[in-house]
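# Working through the structure, step by step
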Amino acid sequence: DIGYAPIKKDIFILFVEKNPAAISIAEITEPELSYSVLEYNHHRLKGQLIQKKTILKHMADDIELSRDELREINNTFASNLFQLLNKFIRHDTSENEQITKMTDDDLEMVYDDIYQMWLLAKLLLDHTERKERISTILKFINE
């Protein structure tokens, strides 16, 4: 229930994150959105397409501000993510005949893929700051 799974190691029980990416992103995201990031990944939302779509809408609004930066990092990835967000989350899906033919299970799989892509996008964006520091350090030590 809290996002951790118990793993028994000898006489100890370790609690490890079920989804380290979600925990990591929740730590670097605005507090209001961080709760949504963790909630989406929670088992109680399995099959709850309306709730998942609502959370993904908030996530889409958040990442929109970084669209250009994400394009600079990986244009194909950014294009795919924003197409999915626009076609499945932001716009009325009843207008798309192919989407209306999808089963709830298929839709949930797409929603879950969008969620995972959003997590990756946030990690990529976070890495841009680190990348510059690493380049500077490597240049310094390799001179």
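Look up: the structure comes first, before these words.
The following refers to the structure shown.

Cut-offs used in this document
Residues numbered from 1 in each chain as written. Predicted model: local features only at pLDDT ≥ 70, side-chain atom pairs only at ≥ 80, totals over all residues. Heavy atoms only, no water. Helix = DSSP H or I, 4+ residues; strand = E, 2+ residues; numbered from the N terminus. Expected span 1.5 Å × (residues − 1). Bend = angle between axes of the 7 residues up to and from the residue. Axes fitted to C-alpha atoms, helices over the stretch in contact; angles between N-to-C directions. Parallel < 35°, antiparallel > 145°, perpendicular 65-115°, else oblique. Left-handed = near helix turned anticlockwise from the far one by under 90°. Contact = heavy atoms within 4.5 Å.

A few words on helix α7 (residues 104-141). Over its 38 residues, α7 extends 54 Å from the first C-alpha to the last, a length consistent with the 56 Å expected when each residue adds 1.5 Å. Along its length, α7 reaches its greatest deviation from straightness, about 35°, at Thr128.

Our next topic: the packing of helix α3 (residues 49-64) against helix α5 (residues 75-90). Two elements in contact, α3 and α5, have axes separated by 10 Å at closest approach and are oriented at 140°. In this view, α3 runs oblique relative to α5, as classed from their interaxial angle. Crossing handedness for the pair α3 and α5: left-handed. In this structure, α3 uses Lys53, Leu56, Lys57, Ala60, Asp61, Ile63 and Glu64 to contact α5, whose residues at the interface are Phe82, Leu85, Phe88, Ile89 and Arg90.

This part takes up the packing of α5 against α7. Packing of α5 against α7 brings their axes to within 10 Å, and their N-to-C directions diverge by 140°. Relative to α7, the element α5 is oriented oblique. Like other packed secondary-structure pairs, α5 and α7 cross with a definite hand, here left-handed. Across the interface between the two elements, Phe77, Asn80, Leu81, Leu84, Leu85, Phe88 and Ile89 of α5 pack against Leu107, Val110, Tyr111, Ile114, Met117, Trp118, Leu120, Ala121 and Leu124 of α7.

What follows covers the environment of Phe88. Its place among the elements puts Phe88 in helix α5. Placed 58 residues apart in sequence, Phe88 and Glu30 show a C-alpha to C-alpha distance of 24 Å. Contacts of Phe88, omitting those with residues within four sequence positions, involve Lys53, Thr93, Ile99, Met102, Leu107, Val110, Tyr111 and Ile114.

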